[in-house]
2 protein chains.
Amino acid sequence: MKIIIDAMGGDHAPLEIVKGALAGQKRWDVEIVLTGDKKAVWEAVKSCGVETLPRGVEIVGTSETVEMCDDPSTVFRRKKDTSMGVGLTMLRDGKGDAFISAGSTGALLTGATLLVKRVRGIRRAAMAPVIPTTTGKAVLIDCGANAECTPEYLVQFAYLGSFYAKRTLGIEKPRVGLLNIGAEDSKGTALQKETLGWLQKAGAEGHLHFIGNIEAKEAIKGGCDVIVTDGFTGNVMLKSMEGTGSYAGSALKAMFGKNLLTKLAAGLVMPGLKAFKAELDPNKVGGTAFIGISKPVIKAHGSSNAEAIENAVLQAKQFALSGIIDDIEKNIDLMKVEKE
Amino acid sequence: MKIIIDAMGGDHAPLEIVKGALAGQKRWDVEIVLTGDKKAVWEAVKSCGVETLPRGVEIVGTSETVEMCDDPSTVFRRKKDTSMGVGLTMLRDGKGDAFISAGSTGALLTGATLLVKRVRGIRRAAMAPVIPTTTGKAVLIDCGANAECTPEYLVQFAYLGSFYAKRTLGIEKPRVGLLNIGAEDSKGTALQKETLGWLQKAGAEGHLHFIGNIEAKEAIKGGCDVIVTDGFTGNVMLKSMEGTGSYAGSALKAMFGKNLLTKLAAGLVMPGLKAFKAELDPNKVGGTAFIGISKPVIKAHGSSNAEAIENAVLQAKQFALSGIIDDIEKNIDLMKVEKE
């Protein structure tokens, strides 16, 4: 298993990326390829206290970097030798089993689509983070790759998310819900209303375990395993959860910091506090998979530290071994929505 | 000041509604009118230990109730004598200064629009809850009244929200943000992109303190005072915040309930815990105003208890005294978006 990693993408590149990659290589027993500026990557390797490259670690030198300000739709034509573009091309050519980047989301999605390509028949790749719920975890699909969606995209996301939940969360028949502002069939915009009909049909035919419309609050309570939505709404939901989590964190901090007694209280519940914080910490998850691309591409958070990259390496390995891309290819005929 | 209250709307009607109304009448020094089934309302009054109606409390008997399953668009034609419809008609006719109902949101919005009417020139009324942020409070507009919106609706919501924040939160120049999935001008769907241009123009002309696109996470951190969005997205944001708050609550409960020491810790921070819970408790707020209707209409939460109704009475009084409807009427010319 060989994981290709964009050493130049992200706020803390290349040092944290390289540090996490080296740790992940050892811990998860994979080979890694680092793409990026050879000198900078080597310096980062040395900063980790490594003088000669360990077996299973390779550096592929590139001369350019995709910047956050680059236009995703043209950057790979303008810059031919970026750490991201070269890594994606290696993935396409079978020189690795998965690719990880903490660089620009838009560029990575465009690059994955142009260079690695989507699974044949898939209209749009989606970002599908796994979010914590009161009773476990759920896949939120899409969460930012596609701001504007058609019912067909959403129907495909339902299948993609269902395969993903099955393969990575180990849920035999994932409960699929359509994110909406009420449970009744009449709720939502034209997009939700039309999608609902298609998903009900897929449910009735036994292709999906579709449970109907679901409100954000119920979804976070654990009401379903796959939350299907357009990328705009999904992103707002995810960011609202992050914002509220951080709000709760600030409130707790103020509460525990008040006086000596409350500080004592904090000490008494410290293990619980740490576990709560960890559940909401994006660095523990690693990254977000682009589902629908024909090979595994993982987007790590822009602010990823070494721990995040180390965890993303595991995530990439698991994704590559999961068989989800096979699932998608085999079931592509189910995912067609005929135009009326 | 006379507040009309739908005694039959909500999960806990009429008892909790009547209880809250009587408490609010005394506490906030207003007159109240209860609309509803005379016998049922009287029984509820007696259950509160009151044998004769106090001065300032009146009951207007009605024979029907708007049910949750009633179609909002036809219910007021089919049922002529509902507690909601009669209350709204009294408000229109000047027999009260504000109306509160915990009944069906859709029916209340339709009834307010049909019977009380919108301010002339306003395209759609919006629901605008005040949400807690890390640094204070913000108005979220719209949050469920209008699932599908045009740029013109959103531009109007920006003004409505701005007046509301000024008048009820006391912010002289409320910072208005357009909810989006990134700060850059190119982010979002066609709706956000077109709305952004209009709001930037309004900002440049000095009519609004517009700060541009804002992500949900930044908004919850206190990045703006008015969060402008369509009702679908706003509802998902609000419900995501509620869901995450309840998730954090469960996590805290588990954390503090673990053993004797953690229970001791809970005791030490109890005042802080209670204050945190209160900030997220919808019953403390009372309700959500429909902004854009020509007279004050307040939607109380369906699950409102007496405390919620008592607080809604204060909110209705403040709304009626605030001058916000005057603000809207005087500035209606600014809110026109010419079709291109």
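Residues numbered from 1 in each chain as written. Chains lettered and ligands numbered in written order. Predicted model: local features only at pLDDT ≥ 70, side-chain atom pairs only at ≥ 80, totals over all residues. Heavy atoms only, no water.

**Some details on the overall build of chain A**
Reasoning step 1: Check the secondary structure of chain A and you find 14 helices and 12 strands.
Reasoning step 2: At 21 Å, chain A has a C-alpha radius of gyration in line with the 20 Å of a compact globule built from 340 residues.
Reasoning step 3: Out of the 340 residues belonging to chain A, those deemed buried represent 55%.
Reasoning step 4: The long-range share in chain A, meaning contacts at least 24 apart out of those at least 6 apart in sequence, stands at 70%.
Reasoning step 5: Total accessible area on chain A stands at roughly 14200 Å², and carbon and sulfur atoms take up 51% of it.
Reasoning step 6: Here chain A contributes 42 positive and 39 negative side-chain charges, whose respective centroids are spaced 3 Å apart. (Helix = DSSP H or I, 4+ residues; strand = E, 2+ residues; numbered from the N terminus. Rg over C-alpha atoms; globule rule 2.2 N^0.38 Å. Buried < 20%, exposed > 50% of the residue type's maximum accessible area, 1.4 Å probe, protein only. Contact = heavy atoms within 4.5 Å. Areas by Shrake-Rupley, 256 points an atom, 1.4 Å probe, with all protein chains shown as cover. Lys, Arg positive; Asp, Glu negative; His and termini not counted. Charge placed at Lys NZ, Arg CZ, Asp CG, Glu CD.)

**Quick notes on helix α13 (residues 306–322) of chain A**
All names here are of chain A.
Reasoning step 1: The end-to-end C-alpha distance of α13, which contains 17 residues, comes to 24 Å, matching closely the 24 Å that a straight helix rising 1.5 Å per residue would cover.
Reasoning step 2: The set of residues buried in α13 consists of A306, A308, I309, E310, N311, A312, V313, Q315, A316, F319 and S322.
Reasoning step 3: Positioned one or two residues after α13, G323 has a phi angle of 85°, which is positive. (Expected span 1.5 Å × (residues − 1).)

**Let's talk about the packing of aromatic side chains**
All names here are of chain A.
Reasoning step 1: Tallied over the full model, the rule gives 5 aromatic pairs over all chains.
Reasoning step 2: A ring pair is formed by Y164 and F319, whose centres lie 6.0 Å apart and whose planes are at 45°; its orientation type is tilted. One end of the pair, Y164, is in helix α6 (residues 151–169); the other, F319, is in helix α13, with 155 residues separating them in the sequence.
Reasoning step 3: Looking at F319, the relative accessible area reads 5%, which means it is buried. (Phe/Tyr/Trp six-rings, centres within 6.5 Å; stacked < 30°, edge-to-face > 60°.)

**Observations regarding the packing of helix α4 (residues 83–92) of chain A against helix α5 (residues 105–116) of chain A**
The axes of two packed helices give the description: the angle between them and the distance between them.
Residue and element names in this part refer to chain A.
Reasoning step 1: At their nearest, the axes of α4 and α5 sit 9 Å apart, and the two run at 35° to each other. The two elements α4 and α5 meet at a crossing, and its hand is right-handed. Across the interface between the two elements, M84, G85, L88, T89, L91 and R92 of α4 pack against A107, L108, G111, A112, L115 and V116 of α5.
Reasoning step 2: Here the residues of the contact of α4 with α5 are counted per class, giving 8 nonpolar, 3 polar and 1 charged. (Axes fitted to C-alpha atoms, helices over the stretch in contact; angles between N-to-C directions. Left-handed = near helix turned anticlockwise from the far one by under 90°. Nonpolar A, V, L, I, M, F, W, Y, C, P; charged D, E, K, R; others polar.)

**Some points on the sheet that holds strand β1 (residues 2–6) of chain A**
Residues and elements named next belong to chain A.
Reasoning step 1: An order of β3-β2-β1-β4-β12-β11-β5 is seen for the 7 strands of this open sheet, with the pairing classed as mixed. One side of each edge strand has no neighbouring strand; the edge strands of this open sheet are β3 (57–61) and β5 (126–128). Within the sheet, the average angular offset between the axes of one strand and its neighbour, ignoring direction, is 25°.
Reasoning step 2: Note: β1 against strand β4 (residues 98–101), 3 bridges, orientation parallel. The partner of I3 across the bridge, within β4, is A98.
Reasoning step 3: Packing of α13 onto the sheet brings it into contact with β1, β4, β11 (287–291) and β12 (297–300), and relative to β11 it is tilted by some 30°. (Pairing = 2+ DSSP bridges.)

**Some details on the interface of chain B and chain A**
Reasoning step 1: Listed per partner, the contact involves 48 residues of chain B and 48 residues of chain A.
Reasoning step 2: Ranking the residues of chain B by area buried against chain A places B:I181, B:F232 and B:Y247 at the top, with a combined share of 18%.
Reasoning step 3: Seen at the junction of chain B and chain A, the total is 4 salt bridges.
Reasoning step 4: Put simply, chain B and chain A have 6 residue pairs in polar contact (both at pLDDT 80 or more) between them. (Buried area = accessible area lost by both parts, 1.4 Å probe. Salt bridge = Lys/Arg side-chain N within 4 Å of Asp/Glu carboxyl O. Polar contact = N/O pair within 3.5 Å; in protein donor to acceptor, adjacent residues only side chain to side chain.)

**What to know about the side chain of A:E152**
Reasoning step 1: Mapped onto the secondary structure, A:E152 falls in helix α6.
Reasoning step 2: Of the polar contacts made by the side chain of A:E152, one reaches the side chain of A:R123; its length is 3.1 Å.

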